[in-house]
Amino acid sequence: MQDDALKALISDLGEGIVIDPELLEGCSVAAHDLDDMDAVQAAEVAAHVFLTMFETKVLEQTGESAEPEEGEWSGFVNGFRFVIERDGDGDLVVDFSDA
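Residues numbered from 1 in each chain as written. Predicted model: local features only at pLDDT ≥ 70, side-chain atom pairs only at ≥ 80, totals over all residues. Heavy atoms only, no water.

### As for the nonpolar core
Nonpolar side chains in soluble globular proteins tend to end up buried together. Put simply, the rule is: Residues belong to one nonpolar core when they are buried, are Ala, Val, Leu, Ile, Met, Phe, Trp, Tyr or Cys, and are joined through side-chain atoms within 4.5 Å. The buried label goes to any residue with under 20% of its type's maximum accessible area, the exposed label to any with over 50%, and the partly exposed label to all in between, with areas taken from a 1.4 Å probe on protein chains only. Here a helix means four or more residues in a row that DSSP labels H or I, a strand means two or more in a row labelled E, and each is numbered from the N terminus. Whether two residues are in contact is decided by their heavy atoms: any pair within 4.5 Å suffices.
Judged by nonpolar contacts, the single largest core of 26 residues is most densely connected at V45, F82, I84 and F96. When contributions to this core are tallied by element, the ones reaching two or more residues are α1 (3-13), α2 (39-54), β3 (72-77), β4 (80-86) and β5 (92-98). Looking at which element gives the most residues to this core, the answer is α2, with 8 residues. Discounting chain neighbours no more than four positions away, the residues touching F82 are A42, A43, A46, T62, W73, S74, G75, F76, V77, V94, D95 and F96.

### Examining the side chain of N78
Heads up, the rule is: For this analysis, a polar contact is any N or O atom pair within 3.5 Å, provided that within protein one partner can donate a hydrogen and the other can accept it, and provided that sequence-adjacent residues contribute only side-chain to side-chain pairs.
Note on placement: N78 falls in the loop between β3 and β4. One polar contact links the side chain of N78 to the main-chain amide nitrogen of L59, over a distance of 2.7 Å. In this structure, N78 is in contact with F50, T56, K57, V58, L59 and E60, ignoring residues within four places of it in sequence.

### Let's talk about a negative patch on the surface
Keep this limit in mind: What goes into a patch is any residue over 30% in relative accessible area without a salt bridge, connected to like charges within 9 Å or, for nonpolar side chains (Val, Leu, Ile, Met, Phe, Trp, Tyr), within 5 Å. What sets the accessible areas is the Shrake-Rupley method with a 1.4 Å probe; for residues, cover comes only from the shown protein chains. Only one rule defines a salt bridge in this text: a Lys or Arg side-chain nitrogen within 4 Å of an Asp or Glu carboxyl oxygen. Under the counting rule used here, the positive set is Lys and Arg, the negative set is Asp and Glu, and His together with the chain ends is not counted. Charged groups are reduced to one reference atom each: NZ for lysine, CZ for arginine, CG for aspartic acid, CD for glutamic acid.
On the surface, a cluster of negative charge is made up of D20, E22, E25, D89 and D91. Using a relative accessible area of 31% as the deciding quantity, one classes D20 as partly exposed.

### Considering the packing of aromatic side chains
What counts here: Here the aromatic set is Phe, Tyr and Trp, taking the six-membered ring for Trp, and pairing holds for ring centres within 6.5 Å; pairs whose planes are under 30 degrees apart are stacked, those over 60 apart are edge-to-face, and all others are tilted.
One pass over the structure, following the stated rule, counts 4 aromatic pairs. With a centroid separation of 5.3 Å and 70 degrees between ring planes, the pair formed by F50 and F54 is classed as edge-to-face. With a gap of 4 residues between them, F50 and F54 both fall in helix α2, about one helical turn apart. Given a relative accessible area of 0%, F50 falls into the buried group. The class for F54 is buried, based on a relative accessible area of 2%. Their ring planes at 35 degrees and their centres at 5.9 Å tell us that F50 and F80 sit as a pair that is tilted. Of this pair, F50 sits in helix α2 while F80 sits in strand β4, and the two are 30 residues apart along the sequence. F80 carries the same exposure label as F50, and that label is buried.

This is the structure we're talking about:
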């Protein structure tokens, strides 16, 4: 997928993606481990969601921060910033944005 098309797709669909067990199918991080993940595991989860949602091969992933007590993780996947955090319903959601 070309960069402009991928940027447009992420702009349209890259926010508020609920991380549920079905979406995590095949991911190296299990749903029951999400609350305690470190920055590397968060990047693995974000990369898995990125591949699944945008059907784009992940060439690079980096975990930047992990605050499990506060329910927030961040980093980069293929140059796009990700933030994973709890929403008002208690679900973990990931937002991707153009870094």
